[in-house]
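The chain contents come next:
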Amino acid sequence: MNCELKVAGYLGIAQKAGKIAAGDSAVLAALENRRACLVLVATNAASSVQEEIIAKSQAHGLPFFTWGNKIALGLYIGKSQRGAVAVLDEGLANAIRKLLEKE
């Protein structure tokens, strides 16, 4: 199984468990509230959105990845297009991080 399918599976599990913040404003709120454990920003998200979310992730010392596109991120969590998602569960975030660091 390739990395993308594994990450998609973990994101689906996180969504079903209620451990996903999806969309720019929800991800920013999760970062501010220190609930986010890992952030994924779509490669085709607006550059201003990418910059703001990445800067806040770095400021809080959280792992982040520019990965996937808006359609794929939304699809993996059963929603419409999303420019960013935050994983709110440490175990799932670590599993995704390990996969993406290998890629």
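Is there a simple way to explain the packing of aromatic side chains in this structure?
We describe a pair of aromatic rings using the distance from one ring centre to the other and the angle between the two ring planes. Counted according to the given criterion, the structure contains one aromatic pair. Note on Trp 67 and Tyr 76: the rings are 6.1 Å apart at their centroids and 35° apart in plane angle, and the pair reads as tilted. Using a relative accessible area of 18% as the deciding quantity, one classes Tyr 76 as buried.

Please explain the pattern of salt bridges as it appears in this structure.
Pairs can form between side chains of opposite charge once their charged atoms are near each other. In total, this model carries two salt bridges according to the counting rule given. Among the ionic pairs, Lys 56 bridges to Glu 32, the shortest N-O distance being 2.9 Å. Within this pair, whereas Lys 56 is found in helix α3 (residues 47-59), its partner Glu 32 is found in helix α2 (residues 24-32), the two being separated by 24 residues in sequence. Residue Lys 56 is classed as partly exposed on the basis of its relative accessible area of 26%. A relative accessible area of 45% places Glu 32 in the partly exposed class. For Arg 97, the salt bridge goes to Glu 101, with nearest N and O atoms at 3.2 Å. Taken as a pair, Arg 97 and Glu 101 lie in helix α5 (residues 90-102) at a separation of four residues, close to a single helical turn.

Honestly, the packing of α2 against α3 in this entry has me stumped. Any pointers?
Two quantities define a packed helix pair, namely the angle between the helix axes and the distance between the axes. Put simply, α2 and α3 touch, their axes get as near as 10 Å, and they point 15° apart. Considering the angle they form, α2 stands roughly parallel to α3. α2 and α3 meet at a crossing whose hand is left-handed. The residues of α3 that touch α2, namely those facing Asp 24, Val 27, Leu 28, Leu 31 and Glu 32, are Val 49, Glu 52, Ile 53, Lys 56 and Ser 57.

How should the sheet that holds strand β2 (residues 38-41) be read in this particular structure?
Note on sheets: strands pair through backbone hydrogen bonds, and any given pair is parallel or antiparallel. On the basis of which strands lie adjacent, the open sheet formed by four strands has the order β1-β4-β2-β3 and mixed pairing. Looking at strand neighbours, the two that pair on one side only are β1 (20-22) and β3 (64-66), the edges of this open sheet. Direction aside, the axes of adjacent strands within the sheet are offset by 15° on average. Together, β1, β2 and β4 (84-87) form the strand contacts of α2, whose direction differs from that of β4 by roughly 35°.

Quick notes on the rules
Sequence order as written defines residue numbering, which begins from 1 separately in each chain. Two thresholds apply to this predicted model, a pLDDT of at least 70 for residue-level local features and 80 or more for giving and counting side-chain atom pairs, whereas whole-chain, interface and lining totals are computed over all residues. Think of the side-chain values as coming from all heavy atoms in the structure, minus any hydrogens and water. Centres within 6.5 Å make a pair out of two Phe, Tyr or Trp rings, where for Trp the six-membered ring is used; the pair is then stacked when the planes are under 30 degrees apart, edge-to-face when over 60, and tilted otherwise. Here's how the labels work: a residue is buried when its accessible area is under 20% of the maximum for its type, exposed when over 50%, partly exposed in between, all with a 1.4 Å probe on protein chains only. The working definition used for a salt bridge is a side-chain nitrogen of Lys or Arg within 4 Å of a carboxyl oxygen of Asp or Glu. Each helix is a run of DSSP H or I of at least 4 residues and each strand a run of E of at least 2, with the numbering of both proceeding from the N terminus. Structural elements are reduced to axes, namely lines fitted to C-alpha atoms, with helices fitted over the stretch in contact, and the angle between N-to-C directions of any two is expressed from 0 to 180 degrees. Angular relationships are summarised with four words: roughly parallel below 35 degrees, roughly antiparallel beyond 145, roughly perpendicular across 65 to 115, and oblique for the angles in between. With the far helix as reference, a near helix turned anticlockwise by less than a right angle produces a left-handed crossing, and one turned clockwise produces a right-handed crossing. Contacts are residue-level and defined by heavy atoms, with any inter-residue pair within 4.5 Å sufficient. Here the rule is simple: two strands pair whenever DSSP picks up at least two bridges between them.

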